[in-house]
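# Structure at a glance
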Amino acid sequence: MKQTECTTILVGKDATIDGSTMIARSEDGGRTIIPERFDVVIPKDQPKHYESVISHQKIDDKDLLPNPLRYTSAPDASGENGIWAAAGINSDNIAMTATETITTNSRIQGIDPLLEEGGLGEEDFVTLTLPYIHSAYEGVERVGYLLEKYGTYEMNGMAFSDKNEIWYLETIGGHHWAARRIPDNAYVIAPNRLNIDEFYFDDDDFASSKDLKDLIEEYHLNPDLEGYNLRHIFGSSTIKDAHYNNPRAWYIHNYFDPDFGGEPSDQDQPFICHANRKISIEDIKWAESSHYQDTPFDAYGDQGSAEQKKTFRPIGINRNFETHILQIRNDVPEKIAGVQWLAFGPNTFNSMVPFYTNITTTPASFQTGPKFDLNKIFWLNKLTAQLGDTNFRVYGELEADFEQKSLAQCHKIQHETDKEAEKYSGDELQDKLNEANQKMADTVYNNTVELLGNMVNEGHGLMTLKYDLLD
């Protein structure tokens with residue numbers, strides 16, 4: 001079974017540089033490499049009957065609603081553990097990312113345990129939700145319905161967005177859930193712990209399973225003297241949180257707002273935060289690639305001791321297998337508003353590609369197979385990252401130049417396509433967007449090959465197995 005330990009970033013439309021909504025997540029795995037691919041699912045290919053591979057949970061056919069929408073996804077290449085669609089944008093420009101693995105505590109597990117048999121999990125949520133929703137809040141309602149009916153065997157967080165709103169939902173126990181709307185001028189960093197803190201049951205910006213408040217009161221779950229803090233009630237505050245989860249959020253909070261302060265292990269970092277500037281795609285990519293640069297905790301840095309370099313879990317790691325930023329734009333026509341920025345492999349050595357989602361196919365280099373194949377960018381990025389890891393001081397600058405060049409070229413293609421798209425509609429428009437996606441994929445693939453070549457050239461003289469005397 002695949003287990004993911006991800007990092008979610010959410011940015012409201014008034015907090016972004018261009019007025020779009022952005023929801024992002026790095027999809028991380030375990031010690032085994034999990035190849036990921038980029039797909040578009042057309043309505044006729046949406047499952048008409050569904051059974052989870054992991055839990056064997058069968059879904060009532062009546063819950064697979066008629067007239068599903070087309071949507072993009074980033075599933076596992078092998079499919080052996082199910083689809084794991086991860087994230088996508090549907091044809092109504094509704095985005096979903098699922099899931100962020102989160103924490104719980106024994107108090108709620110003693111009342112509403114996670115299921116030991118059946119139930120839904122990360123494998124299922126996007127496939128069972130994204131093709132059926134027409135707003136971000138409908139995503140909350142749909143997942144809430146599925147959780148209450150079928151239950152879950154794991155704790156997860158997930159996010160939904162449209163052009164106006166972002167909602168974040170967390171599962172609680174086996175059948176309960178809570179969600180809140182992210183303020184338009186705010187951002188969120190959600191690592192692998194229960195993240196929602198302050199909660200107001202009578203506010204329209206908050207939603208939950210109907211009996212959640214009564215459950216808290218009946219079983220005396222609230223440790224606070226006043227108000228409701230769901231992290232205190234249902235979540236954890238452990239040594240693992242202090243080393244594995246909290247430092248990731250702390251580092252990015254201080255990147256978005258240098259006055260944030262605090263300590264890496266702080267347990268009560270706020271869920272809703274505000275940056276000191278407008279946040280860009282590049283900011284989110286940098287955050288998802290970060291490894292505590294300019295601190296003693298950077299594994300590649302020269303400030304800390306060997307012990308300090310291993311103290312805290314960074315966001316950018318070898319176990320990044322797929323990372324996305326789902327952007328719904330407000331400054332372009334709806335027909336080109338949805339963009340799925342996508343990167344495969346460790347984020348410290350890759351580049352995002354801004355794929356239009358009003359499409360019928362995906363570039364071949366992003367249609368990953370389970371076996372090593374350097375024609376697929378997933379495997380090319382893995383190779384580049386593993387070579388880069390051997391000497392970051394040398395290879396890091398090469399990667400930085402590569403990423404800036406790749407993003408600039410993709411931005412240029414995107415600007416040109418946005419202007420040309422005004423002349424097209426229907427199938428003709430989708431053909432143009434397919435072409436633009438292919439051009440951007442080819443550009444980044446070729447740049448990655450060039451980067452690998454430059455790294456080989458730079459590394460030639462650094463090999464341990466060498467002899468400098470010319471015979």
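Anyway, here's the lowdown on the structure attached to this text. Quick caveat, the model's predicted, so the values are computed rather than measured.

Rules behind the numbers
- The numbering scheme is per chain: residues are counted from 1 as the chain's sequence reads.
- Restriction of local features to residues with pLDDT of at least 70 applies here, the model being predicted, together with a cutoff of 80 or more for giving and counting side-chain atom pairs; totals for whole chains, interfaces and linings are based on all residues.
- Hydrogens are left out, water is left out, and the side-chain values use all remaining heavy atoms of the structure.
- Strands here mean DSSP runs of E at least two residues long; helices mean DSSP runs of H or I at least four residues long; both are numbered from the N terminus.
- Any two residues whose heavy atoms approach within 4.5 Å are treated as being in contact.
- Distance and chemistry together define a polar contact, namely a pair of N or O atoms within 3.5 Å, with one atom able to donate a hydrogen and the other to accept it when in protein, and with adjacent residues in sequence counting only for side-chain atoms on both sides.
- Note on ring pairs: Phe, Tyr and Trp rings are taken, using the six-membered ring of Trp, and paired if centres are within 6.5 Å. Classes follow the plane angle, with under 30 degrees stacked, over 60 edge-to-face and the rest tilted.
- Each residue is placed in one exposure class: buried if its accessible area under a 1.4 Å probe, protein chains only, is under 20% of its type's maximum, exposed if it is over 50%, and partly exposed if it falls in between.
- The rule for a charge over a ring is simple: NZ of Lys or CZ of Arg within 6 Å of the ring centre, and within 35 degrees of the ring normal.
- Salt bridges, as used here, are contacts in which a Lys or Arg side-chain nitrogen is within 4 Å of a carboxyl oxygen on Asp or Glu.
- Patch rule: a residue counts if its relative accessible area is over 30% and it has no salt bridge; like charges are joined within 9 Å, and nonpolar side chains (Val, Leu, Ile, Met, Phe, Trp, Tyr) within 5 Å.
- Method for areas: the Shrake-Rupley scheme with a 1.4 Å probe, in which residue coverage is limited to the protein chains shown.
- Two residue types count as positive, namely Lys and Arg, and two as negative, namely Asp and Glu; His and chain ends fall outside the count.
- In plain terms, the charge of a residue is placed at NZ if it is Lys, CZ if Arg, CG if Asp and CD if Glu.
- Take the residue count of a helix, subtract one, and multiply by 1.5 Å to get its expected span.
- Note on bend: at a given residue it equals the angle between the axes fitted to the 7 residues ending there and to the 7 starting there.

## What to know about the environment of Gln-293
Its location among the elements puts Gln-293 in the loop between α7 (281-289) and β14 (320-328). On a C-alpha basis, the gap between Gln-293 and Gln-303 in space is 9.7 Å, while along the polypeptide they are 10 residues apart. With residues up to four places along the chain from it excluded, the contact list for Gln-293 reads Tyr-251, Trp-286 and Asp-298. Polar contacts involving the side chain of Gln-293 include one to the main-chain amide nitrogen of His-291, which spans 2.8 Å.

## A word on the packing of aromatic side chains
A complete count under the given rule lists 24 aromatic pairs for this structure. An angle of 40 degrees between the planes, with centres 5.5 Å apart, marks the rings of Tyr-255 and Phe-256 as tilted. Taking relative accessible area as the criterion, Tyr-255 reaches 22% and is therefore assigned partly exposed. Residue classification places Phe-256 among the buried residues on the basis of a relative accessible area of 0%. Seen from the ring of Tyr-244, Lys-240 lies directly overhead, with NZ or CZ sitting 5.1 Å from the centre.

## Observations regarding the pattern of salt bridges
Tallied over the full model, the rule gives 16 salt bridges. The salt bridge partner of Lys-44 is Asp-45, with a shortest N-O separation of 3.4 Å. For Lys-44, a relative accessible area of 62% gives the class exposed. Residue Lys-412 is joined to Glu-416 by a salt bridge in which the shortest nitrogen-to-oxygen separation is 2.6 Å. With Lys-412 and Glu-416 both in helix α9 (residues 392-421) and 4 residues apart, this pair spans about one turn of that helix. Taking relative accessible area as the criterion, Lys-412 reaches 51% and is therefore assigned exposed. The class of Glu-416 is partly exposed, set by a relative accessible area of 33%. Within this structure, Asp-60, Asp-63 and Lys-149 form a network of salt bridges that share partners.

## A short note on a negative patch on the surface
Residues Glu-148, Asp-211, Asp-214, Glu-217 and Glu-218 make up a contiguous surface patch of negative charge. Note on placement: Glu-218 falls in helix α4 (residues 212-218).

## Topic: helix α6 (residues 239-256)
With 18 residues, α6 extends 25 Å between its outermost C-alpha atoms, agreeing within 8% with the 26 Å of an ideal straight helix rising 1.5 Å per residue. The largest bend along α6 measures about 45 degrees and falls at Asn-246, with the proline Pro-247 one to four residues further on. Here α6 lies mainly inside the structure; 13 of its 18 residues are buried. The N-cap of α6, judged by a side-chain oxygen 3.3 Å from the amide nitrogen of Lys-240 a few residues on, is Thr-238.

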